[in-house]
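Single-letter residue listing:
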Amino acid sequence: MYKLNITNKIEREYSEALKEILLTPTTKKFNARAKRYFSFIKNNLAITNKKEIEKLIIGKDIHLLVQKYGEFDSVERQVYEIYENMRKVFGYRLVKLLNIKVCPYCNRNYITNFANKTTVTLDHYYPKSKYPYLAINLHNLIPVCSTCNHKKGNDSFKIYPYKESIDDYITFKFSWFNDRKKLGFFDEKSLKLEVRLKKRSLGTWDYKKYIEDNYQNHKDIIAEILKRQEMYPQSRIEELYEQFGGRLFSSKDELLGLVHCNFIDKKDINKRPLSKLTKDILEQVK
Ligand SMILES: [Zn+2]
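## Some remarks on the overall build of the protein chain
Tallying secondary structure elements over the protein chain gives 13 helices and four strands in all. By principal-axis analysis of the C-alpha atoms, the protein chain measures approximately 70 × 45 × 30 Å. Here the protein chain holds 286 residues, and 30% of them are scored as buried. In the protein chain, the share of contacts with a sequence separation of at least 24, taken over all contacts with a separation of at least 6, comes to 67%.

## Overview of the domain arrangement of the protein chain
Segmenting the protein chain into domains produces domain 1 (8-152) and domain 2 (166-285). Placing the centre of domain 1 and that of domain 2 at their C-alpha centroids yields a distance of 35 Å. Taken together, the contact pairs 11 residues of domain 1 with 13 residues of domain 2. Here the residues of the side of domain 1 that touches domain 2 sort into five nonpolar, two polar and four charged.

## Points about the nonpolar core
Counting residues in hydrophobic clusters, the biggest one holds 54 residues, and the most contacted among them are I82, C103, I111, L134 and V144. Three or more residues apiece are contributed to this core by two domains, here domain 1 (8-152) and domain 2 (166-285). For C103, the residues in contact, after removing those within four places along its chain, are R108, N109, I111, V144, C145 and C148.

## Looking at unusual backbone geometry
The backbone of K28 sits at a positive phi, close to 60 degrees, despite the residue not being glycine. Within the chain, N99 stands out as a residue other than glycine whose phi angle is a positive 55 degrees. With respect to the helices, strands and loops of the structure, N99 is situated in the loop between α5 (77-98) and β1 (121-124). The class for N99 is exposed, based on 12 C-beta atoms found within 10 Å.

## Focus on the environment of N107
Turning to its location among the elements, N107 is positioned in the loop between α5 and β1. Note on N107: 24 C-beta atoms within 10 Å, which makes it buried.

## Details of the packing of helix α1 (residues 8-22) against α5
At their nearest, the axes of α1 and α5 sit 10 Å apart, and the two run at 165 degrees to each other. Relative to α5, the element α1 lies roughly antiparallel. As α1 runs across α5, the sense of the crossing is right-handed. Contact with α1, carried on its side by K9, I10, E13, Y14, A17, E20 and I21, involves N85, M86, V89, F90, R93 and L97 of α5 and no other residues of that element.

## Here's the deal with the environment of V102
Along the polypeptide, V102 turns up in the loop between α5 and β1. Residue V102 is classed as buried on the basis of its C-beta count, with 25 C-beta atoms lying within 10 Å. Put simply, V102 and K271 are 169 residues apart on the chain and 6.0 Å apart in space, counted from C-alpha to C-alpha. What V102 contacts, discounting residues up to four positions off in sequence, is N107, Y110, I111, N270, K271, R272 and P273.

## Side note on α5
The largest bend in α5 is about 55 degrees, located at F90. For α5, the full list of buried residues reads Q78, V79, I82, Y83, M86, F90, G91, L94 and L98. The inward-facing, buried residues of α5 contact α1, α2 (32-45), β1 and β2 (141-144). With its phi angle positive at about 55 degrees, N99 sits one or two positions after the end of α5.

## Quick look at the packing of helix α11 (residues 234-244) against helix α12 (residues 252-259)
Put simply, α11 and α12 touch, their axes get as near as 10 Å, and they point 110 degrees apart. As far as their axial angle goes, α12 and α11 are roughly perpendicular. Our pair here, α11 against α12, has a crossing hand that is right-handed. Residue-level contacts link I237, L240 and Y241 of α11 to K252, L255 and L256 of α12. The residue inventory of the contact of α11 with α12, partitioned by class, reads five nonpolar, no polar and one charged.

## Description of the confidence of the model for the protein chain
Averaged over every residue, the pLDDT of the protein chain is 88; residues scoring 70 or more account for 93%. Mean pLDDT across the secondary structure elements of the protein chain bottoms out at helix α8 (residues 180-183), with 57, and peaks at α1, with 95.

Quick notes on the rules
Residue indices begin from 1 for each chain and proceed along its sequence in written order. With pLDDT at 70 or above as the cut-off, local features in this predicted model cover only qualifying residues; side-chain atom pairs require 80 or more to be listed or tallied, and sums for whole chains, interfaces and linings still use all residues. Every helix listed is a DSSP run of H or I at least four residues long, and every strand listed is a run of E at least two residues long, numbered separately from the N terminus. With C-beta atoms placed from the backbone, a residue counts as buried when 20 or more other C-beta atoms lie within 10 Å of its own, as exposed when 12 or fewer do, and as partly exposed for counts between those limits. We call two residues in contact if the C-beta atoms placed from their backbones are at most 7 Å apart. Domain ranges listed in this record stem from an automatic or a database domain assignment. Asp, Glu, Lys and Arg are counted as charged, while Ala, Val, Leu, Ile, Met, Phe, Trp, Tyr, Cys and Pro are counted as nonpolar; the rest, among them Gly, fall into the polar class. What we call a nonpolar core is a set of buried Ala, Val, Leu, Ile, Met, Phe, Trp, Tyr and Cys residues whose membership is set by joining through C-beta atoms within 7 Å. Lines fitted to C-alpha atoms define the axes here, with helix axes fitted over just the stretch in contact, and angles between the N-to-C directions of these axes take values from 0 to 180 degrees. Put simply, angles under 35 degrees are roughly parallel, angles over 145 are roughly antiparallel, angles from 65 to 115 are roughly perpendicular, and the rest are oblique. Handedness of a crossing follows from how the near helix is turned relative to the far one, being left-handed for an anticlockwise turn of less than a right angle and right-handed for a clockwise one. The reported bend at a residue is simply the angle between two axes, fitted to the 7 residues ending at it and to the 7 residues beginning with it. pLDDT measures the predictor's confidence residue by residue and takes values from 0 up to 100.

Here you go:
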């Protein structure tokens, strides 16, 4: 899926999970952890209205909530405590229900659960250290790889994977260094890779540089794509589609994706690592 989607089913399951996170099973009243958390939030935001508190936990428009309530200067232990419990109870389910396999920030690393436990890190799109009132709001939680989570830190980042993807923000472009004849046409050392921004203002974290630096490790993939392009010119693709289309593939793009061992359709970008890179390089050489 191109964008992550919090479906009605996910919302329903989260409402159920919240009972476990916030209530004492016998009395059905707030447990001690929830009381500590809500009193911290209420004291700092001066909210008494129950509906408004509910909005902080399940409200969809987190951007509006941030505009309304702004940043906290400091955050107390109870915020981390409630989040950790939420992650323990629902983290595994969230990753499974979102059907996400690859980090939506970098499109480089797999993010998968392991042995029925959440081994995926959840990034707070609006960091809990500044916006503690969104610490357990589903719409603020993004499953990401640990490299991105660590790198992003407390930055509020502009790619919001529930609305858009890496494909909306950047394009990969390759070129050759001048000495490519000496090194060989398909030698990764001959290749230069750069990231071009489609949209400006990506938060204070230098996302463009982060992606560009990390992807220098994947120039071998570009060299392989270029080799396969030589081996499978359009005429060969047509031939293969003639032979296998309909039975093995529903489109020529699907066949081309198999040739390049990746998904090349924008809608499948979160299914396999480096699909964005593969897609952009193929678009460039087409
Ligand atoms: Zn990542």
